[in-house]
Amino acid sequence: MRRGTNLPAVGGYNRSVVLDAVRREAAGLSRTEIAERTGLSPQAVTNVSRRLLDAGLIRESGTVISGPGKPRTMLQLEPGGSFALGVHVDPAVVTYVLLDLHGTVVAHTQTPTPSASRPDEVVGLIARTVDGLVAGSGVDRARLLGIGIAAPGPIDVEDGVVLDPPMLPRWRHVPLRRAIAEATGLPVLLEKDVAAAAVAELWFSDGASRRDFAFVYYGTGFGTGLVIGRDVVRGSSSNAGDSGHVTVASSGRRCTCGRIGCVGELITPHALVRQAVEAGVLTADDLLVDVLDAARSEGDPDDLHRIEEALVALAGKAADGDEGALEILHEAARHLARAVVVVLNLLDLAEVVFGGPFWHVVAPWVLQVLPEAVRSSAALIAKHPIALEQSAIGTDVAAVGAACLVLDHAFSPRPSALLISA
Ligand SMILES: [Zn+2]
């Protein structure tokens, strides 16, 4: 629990301290309890509460009698007092969510990432879709706090620029944060996708779990969000979590880094589809589209959609008991397990959460092999139990996390280069 300060110059900080205290108690808190929990003076709590009530961010929710003295009025969060938008730009699909102050998703949509892969088209599409989502939800636009954008790395968080993600080959130094702020008139922040996913897991956990964990992100790309002591590890340039070049095999296709056996080159949807095509598990007859070309190409969003369809087809064959399909997914699980063990060892973690846009497609078959492969690994150092869990937030996790970042700013303002005002 953060403590407040009674200096008059930091009213904004006190507002967020009170809001944060109130949101953590579903039943609400009395002003006296807020003062006790935050360290603010009773007078400061009274003043801040009045401003929050006037702003419609909290509400009075009846009175309780506890001990001698007059009954206490309880203050509760008003979930519809403000809203945050989250946008996740995956190379294949853009996901949008609208969250209330409780973090509940009140509206959701998805669009394919524009096939031309031109950044200005992506910006226009995001702005139009955001407008449509807000209009369709009935939420008053004046109650929007801002937009959080989760994007593939590497990003320049200071300038809000997407630099040169390997899966978005035509994106080079795209000033996404400023462009979206200008197009929508809303404050915008930018976060790497794997970090945003970790933020979402933190937001919806109770604090007893999810203290130190790795989030294994399985989208068009593969990465690892890291949380230590309930803080997201961002690194010196907010690009922590790239684990795609961890070596997990001694054979296989050469990675873009020039080496053999990188996990990202072996387990991403693109890689699995290519393996399935090469092994004859997937043929053109299985698919309505020419996946053979898609499997050979590099990063065109049209091809990425075909890859997604082909991945679903591969999973369908596994569900039908096709041994070739099962072997490809089980081998991917063994590769992933080796990478997970490296991360577990490095940080002495006891918890790994799996999720991301395409995780649910492969999870049933990967999880037939992965837990045992991790726990029985001769390379695993820790002797404590290892919890391997699936994200409860599902495919929207990075978009939800990006919106939670915006809520975080409302609840805990701190000096940050993340946010830009339009
Ligand atoms: Zn590599």
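Higher on the page you've got the structure.
In this report, we go over the structure that sits alongside the text. (Residues numbered from 1 in each chain as written. Predicted model: local features only at pLDDT ≥ 70, side-chain atom pairs only at ≥ 80, totals over all residues. Heavy atoms only, no water.)

A few words on the coordination of the zinc ion. Metal coordination angles have textbook ideals: 109.5 degrees for a tetrahedral set of four donors and 90 or 180 degrees for an octahedral set of six. Those donors, H245 (ND1), C255 (SG), C257 (SG) and C262 (SG), are the protein atoms that reach the zinc ion, and they lie 2.0 to 2.3 Å from it. Around the zinc ion sit four donor atoms; with metal-centred angles ranging over 103 to 123°, the donor geometry is tetrahedral. (Donors = N, O, S within 2.8 Å, 3.2 Å for Na, K, Ca; no water. Tetrahedral: all angles 85-135°; square planar, octahedral: opposite > 155°, others 65-115°.)

A separate point is a nonpolar patch on the surface. On the surface, a cluster of nonpolar side chains totalling about 330 Å² of accessible area is made up of I228, V233, L346 and L347. Tracing the sequence through the fold places L347 in helix α11 (residues 323–347). (Patch = residues over 30% accessible without salt bridge, like charges linked within 9 Å, V, L, I, M, F, W, Y side chains within 5 Å. Areas by Shrake-Rupley, 256 points an atom, 1.4 Å probe, with all protein chains shown as cover. Salt bridge = Lys/Arg side-chain N within 4 Å of Asp/Glu carboxyl O. Helix = DSSP H or I, 4+ residues; strand = E, 2+ residues; numbered from the N terminus.)

As a further point, take the nonpolar core. Grouped together as the largest cluster of nonpolar side chains are 54 residues, with contacts concentrated most on L272, L314, L336, F354 and L370. If one sorts the elements of this core by residue count, α11 sits on top with 13 residues. Excluding residues that lie within four positions of it along the chain, L336 makes contacts with V216, F222, V263, I267, F354, W359, V366 and L370. Core analysis: the second largest hydrophobic core is formed by 48 residues, A35, L52, V199 and L407 among them. (Core = buried A, V, L, I, M, F, W, Y, C linked by side-chain atoms within 4.5 Å. Buried < 20%, exposed > 50% of the residue type's maximum accessible area, 1.4 Å probe, protein only. Contact = heavy atoms within 4.5 Å.)

Right, let's get into helix α2 (residues 31–38). Looking at α2, one finds that the buried residues are I34, A35 and T38. Axial view of α2: buried residues confined to an arc of 100°, hence all on one face. (Arc of directions from axis to C-beta.)

Our focus in this paragraph is helix α6 (residues 193–203). For the α-helix, the turn length of 3.6 residues means that residues three or four positions removed from each other point alike. Extensive coverage of α6 is indicated by the burial of 11 of its 11 residues. Inspection of α6 places D193, V194, A195, A196, A197, A198, V199, A200, E201, L202 and W203 among the buried residues, and these make up the whole buried set.

Bringing the packing of helix α4 (residues 119–137) against helix α5 (residues 176–184) into the picture now. Close contact between α4 and α5 brings their axes to 9 Å; oriented N to C, the two are set at 45°. Considering the angle they form, α4 stands oblique to α5. Pair α4 / α5 crosses with right-handed handedness. The segment α4 lies against α5, with V123, I126 and A127 engaging L176, A179, I180, A183 and T184. Counted by class, the contact of α4 with α5 contains seven nonpolar, one polar and no charged residues. (Axes fitted to C-alpha atoms, helices over the stretch in contact; angles between N-to-C directions. Parallel < 35°, antiparallel > 145°, perpendicular 65-115°, else oblique. Left-handed = near helix turned anticlockwise from the far one by under 90°. Nonpolar A, V, L, I, M, F, W, Y, C, P; charged D, E, K, R; others polar.)

Turning next to the side chain of D193. Summarising the element assignment, D193 is placed in helix α6. Although D193 is buried, it makes no salt bridge; K192 carries the closest opposite charge, 5.7 Å away. In this structure, D193 is in contact with H88, A150, A151, P152, Y217 and A398, ignoring residues within four places of it in sequence. (Lys, Arg positive; Asp, Glu negative; His and termini not counted.)

Right, let's talk about the packing of α2 against helix α3 (residues 42–54) for a bit. One can describe the packing of α2 onto α3 by two numbers: an axis separation of 9 Å at closest approach and a directional angle of 115°. Relative to α3, the element α2 lies roughly perpendicular. When you trace α2 past α3, the crossing you get is right-handed. From α2, R31, I34 and A35 reach across to α3, where they touch P42, V45, T46, S49 and L53.

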